[in-house]
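The lines below spell out each chain.
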Amino acid sequence: MSEIKGQDLPLLKVKDLHVYYGAIHAVKGISLEVHEGEIVTLIGANGAGKSTTLNTIAGLLKPRQGSIVLGGVPVDGTGASKMVFKGLSLCPEGRRIFQHMTVRENLEMGAYSRPNEEIEASLEDVFRRFPRLKEREKQIGGTLSGGEQQMLAMARALMSKPKLMMLDEPSMGLAPILVDQIFDIIQELHESGVTILLVEQNAQMALSVADRAYVLETGRIAMSGDASELLQNDDVQKAYLGN
Amino acid sequence: MIFLDNLINGLSLGSIYAIIALGYTMVYGIAKMLNFAHGDVIMVGAYIAFCGLQYWGIPPVFAFLLAMVVCTLLGITIEGLAYRPLRQATSLAVLITAIGMSYLLQNIALMIWGANPKSFPTTFINGASLHLGKINISSATLITILVSIVIMVLLTLFTSKTKLGKAMRCVSEDRGAAELMGINVNRTISLTFAIGSALAAIAGILLCSSYPILQPTTGSMPGIKAFTAAVFGGIGSIPGAMLGGVLLGIIEIFGKAYISTELGDAIVFAVLIIVLLFKPAGLLGKPMREKV
């Protein structure tokens, strides 16, 4: 799959995106691309505009300016509930699983955009990737541990069979051992061909799984390039990796 | 035997409260608003059924269906015209709008049907009564209890088994996450108002079959009490509304029978206050904490 990388039309192309919260200019002209089969990560400090960018791509926020093109089709202004039908799913910050529903129901809702007869096969696929969720199938979401809830949120986002899966801070609030586990899963998803746009505060982990990265600072892209090169970059090391 | 009679009357009244409370609690759960016009939808439903039976001479079943259809459309219209534009507004603005909508409906009813109470025809329902030993159960009571059981079963099946019902639960829990699943939130809220208002029509007919005085304010007190029942059971919870409604009906009838007829309503609200002191989320309300 690596030979197609960067050569054909990008799967996601965001150009000159501006987003405001009232009078606050949170995202100031971000442009980025994600190609099929890639993991691209957005890293940066708190308040740099990472989640805002992701939420805007997902349609939860409306951009003031700029374009978002998914698979050659402009999707800005589509609205969040229609984005998943266009092949984009977001695993939101803070997991946001349905706490009062069972694991299975959560997963079924993840496939809301798909015909009923395809759901069973997707469930099997997801349970193969996340055996822990299979064990907890009938348990109520809110009773799962934090790590399991994160797995459920990721599995739910996969249930729509997205062309592009966006993950917002999947390691947030998890114990270090669970963080490793979550990143192993991201790596596995990548290897099985899922295209991923990952937002993370844990820059070290994010850069080590990603192909390419964008570094955000106060709403702008400060640096971008190969993840492995950024991992070695002095400025990045000082600012985000604490070396 | 008087005890059993009272219990059955309480169950019957409580079933009506439960049906109304379902409308309150579903709308609260999904739209996060208190629809104080809900009680007045009951009144409209009762008037439509009344007109159908009394003036237009349509068979009872069709009169009831007509009342349900009119209320469903009314509910969707109220939501679309009055509440939807306020989706991003403060909850206080929505609350005031709902109270305004309640007065609007009452005054429209006053214009159309006048202030004089109408006597709701009950002959269709009060055919026979059931005798069990010394207990006498009127057919109105029997039908009320049966209808409410059927409604509860159907609604439980709807929310737990169907895709639309599950989508409603998702919106009720987390509107943003529901949107990410591809659920159309506005349409789901409309559907909730539609179901709640159809139930209100049924409640209106059942209410007037047992207490056959119909006037523009008929829906207010039962509406407030059913709201109390919804809070009592845990607002937002469907089983909570059912339990709260039934308990409230029983408490009201027993309070009137054994303590004081005048204080019947006061007792109902006193019980609510006591329950909320000990269980602020209501009997079946469940606050969930974030796991880390």
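All figures in this text were calculated on a predicted structure; none of them were measured in a lab.

Q: Honestly, the overall build of chain A in this entry has me stumped. Any pointers?
A: When its secondary structure is counted, chain A shows 10 helices and 10 strands. Here the C-alpha coordinates of chain A stretch approximately 45 × 40 × 40 Å along the principal axes. Within chain A, the proportion of its 243 residues that are buried is 54%. Counting only contacts in chain A whose residues sit at least 6 apart along the sequence, the fraction spanning at least 24 positions is 68%. Taken as a whole, chain A presents about 10200 Å² of accessible surface, with 48% of it coming from carbon and sulfur. Side-chain charges of chain A comprise 25 positive and 31 negative groups, with the mean position of each set lying 7 Å from the other.

Q: It is not clear to me how the interface of chain A and chain B should be interpreted in this structure. Could you clarify?
A: Bring the parts together and some accessible area is lost; that lost area is often taken as the interface size. Taken together, the contact pairs 33 residues of chain A with 23 residues of chain B. Among the residues chain A hides against chain B, the three largest losses belong to A:Phe98, A:His100 and A:Tyr112. Together they make up 27% of the total. Where chain A meets chain B, there are three salt bridges. One salt bridge connects B:Asp174 with A:Arg96, and the closest N-O pair in it is separated by 2.6 Å. In this assembly, chain A and chain B are joined by eight residue pairs in polar contact (both at pLDDT 80 or more). Among the elements of the structure, helix H2 (80-83), helix H3 (103-110) and helix H6 (146-158) of chain A are those that each provide at least two residues to the side of chain A that touches chain B. For the side of chain A that touches chain B, the leading source of residues is H3(A), giving four residues. Of the residues contributing to the side of chain A that touches chain B, the split by class is 15 nonpolar, 12 polar and six charged.

Q: What is the right way to look at a positive patch on the surface in this model?
A: Taken together, the side chains of A:Lys82, A:Lys86, A:Lys163 and B:Arg187 present a region of like positive charge at the surface. For A:Lys86, the location among the structural elements is in the loop between H2 and strand E6 (88-91). On the accessibility criterion, A:Lys86 (34% relative accessible area) is partly exposed.

Q: Got a minute to help me understand the packing of aromatic side chains in this structure?
A: Each aromatic ring pair is summarised here by two numbers: the centre-to-centre distance and the angle between the ring planes. If you walk through the whole model with that rule in mind, you get eight aromatic pairs over all chains. Taken together, a centroid distance of 5.5 Å and an interplanar angle of 80 degrees make the contact between B:Phe50 and B:Tyr55 edge-to-face. Three or more aromatic residues joined by ring pairs form one cluster here, namely B:Phe3, B:Phe254 and B:Tyr258. The cationic tip of A:Arg64 hangs over the ring face of A:Tyr20; the distance from NZ or CZ to the ring centre is 3.7 Å. Here A:Arg156 stacks its cationic end above the ring of A:Phe98, 4.9 Å away from the centre of that ring.

Q: What should I look at first to understand the sheet that holds strand E1 (residues 12-21) of chain A in this one?
A: Within a beta sheet, neighbouring strands are joined by backbone hydrogen bonds and run either parallel or antiparallel to one another. All names here are of chain A. One open sheet holds the four strands; their spatial order is E2-E1-E4-E5, and the pairing between them is antiparallel. Each edge of the open sheet carries a strand with a single partner, namely strand E2 (24-34) and strand E5 (73-74). Where strand E4 (residues 65-70) meets E5, two bridges bridge the pair, whose relative direction is antiparallel. Residue pairing across strands places Leu70 opposite Val73, the latter belonging to E5. Packing of helix H1 (residues 50-57) onto the sheet brings it into contact with E1, E2 and E4, and relative to E1 it is tilted by some 115 degrees.

Q: How do you make sense of helix H7 (residues 176-191) of chain A when you look at a structure like this?
A: Structural remark: α-helix, 3.6 residues per turn; residues separated by three or four positions point the same way. Residue and element names in this part refer to chain A. With 16 residues, H7 extends 23 Å between its outermost C-alpha atoms, agreeing within 8% with the 22 Å of an ideal straight helix rising 1.5 Å per residue. By the burial criterion, the buried members of H7 are Val179, Ile182, Phe183, Ile185, Ile186, Leu189 and His190. Seen from one end, H7 has its buried residues packed into an arc of 150 degrees, which puts them on one side. Across H7 from its buried face, at more than 90 degrees, point the exposed residues Ile177 and Glu191. The elements touched by buried residues of H7 are strand E3 (39-44), helix H4 (116-129), H6, strand E7 (164-168), strand E8 (195-200) and helix H8 (203-209).

Q: Would you mind going over the nonpolar core with me for this structure?
A: Side chains that are nonpolar tend, in soluble globular proteins, to be buried together. Ranked by size, the top nonpolar core spans 116 residues in total, and within it A:Leu12, A:Met109, A:Leu164, A:Met166, A:Leu197, B:Tyr83 and B:Ile183 carry the most contacts. Ignoring sequence-local partners within four residues, the contact set of A:Leu12 consists of A:Leu32, A:Glu33, A:Val34, A:Ile57, A:Ile68, A:Val69, A:Leu70, A:Leu164 and A:Leu197. Ranked by size, the runner-up nonpolar core spans 48 residues in total, among them A:Phe127, A:Leu167, A:Phe183 and A:Leu189.

Q: Even after reading the chapter, I still don't get unusual backbone geometry, so can you show me in this structure?
A: With a phi close to 35 degrees, A:Thr218 is a non-glycine residue in the positive phi region. Position of A:Thr218 relative to the elements: it lies in the loop between strand E9 (212-217) and strand E10 (220-226). Here the phi dihedral of B:Lys32 falls at roughly 55 degrees; this positive angle occurs in a residue that is not glycine. In this structure, B:Lys32 sits in the loop between helix H1 (2-31) and helix H2 (38-54). On the basis of relative accessible area, B:Lys32 is assigned to the partly exposed category, the value being 44%.

Q: Whenever I open this one, the pattern of salt bridges confuses me. Can you help?
A: Between side chains of opposite charge, a pair can form as their charged atoms come close. Taken as a whole and judged by the stated rule, the model has 20 salt bridges over all chains. The residue A:Glu108 makes a salt bridge to B:Lys166 at a minimum N-O spacing of 2.7 Å. Of the two residues, A:Glu108 sits in helix H3 while B:Lys166 sits in helix H6 (residues 163-173), which places them in two different chains. Across the salt bridge formed by B:Lys256 and B:Glu252, the nearest N and O atoms sit 3.0 Å from each other.

What counts as what
- Residues numbered from 1 in each chain as written.
- Chains lettered and ligands numbered in written order.
- Predicted model: local features only at pLDDT ≥ 70, side-chain atom pairs only at ≥ 80, totals over all residues.
- Heavy atoms only, no water.
- Helix = DSSP H or I, 4+ residues; strand = E, 2+ residues; numbered from the N terminus.
- Buried < 20%, exposed > 50% of the residue type's maximum accessible area, 1.4 Å probe, protein only.
- Contact = heavy atoms within 4.5 Å.
- Areas by Shrake-Rupley, 256 points an atom, 1.4 Å probe, with all protein chains shown as cover.
- Lys, Arg positive; Asp, Glu negative; His and termini not counted.
- Charge placed at Lys NZ, Arg CZ, Asp CG, Glu CD.
- Buried area = accessible area lost by both parts, 1.4 Å probe.
- Salt bridge = Lys/Arg side-chain N within 4 Å of Asp/Glu carboxyl O.
- Polar contact = N/O pair within 3.5 Å; in protein donor to acceptor, adjacent residues only side chain to side chain.
- Nonpolar A, V, L, I, M, F, W, Y, C, P; charged D, E, K, R; others polar.
- Patch = residues over 30% accessible without salt bridge, like charges linked within 9 Å, V, L, I, M, F, W, Y side chains within 5 Å.
- Phe/Tyr/Trp six-rings, centres within 6.5 Å; stacked < 30°, edge-to-face > 60°.
- Lys NZ or Arg CZ within 6 Å of the ring centre and 35° of its normal.
- Pairing = 2+ DSSP bridges.
- Axes fitted to C-alpha atoms, helices over the stretch in contact; angles between N-to-C directions.
- Expected span 1.5 Å × (residues − 1).
- Arc of directions from axis to C-beta.
- Core = buried A, V, L, I, M, F, W, Y, C linked by side-chain atoms within 4.5 Å.

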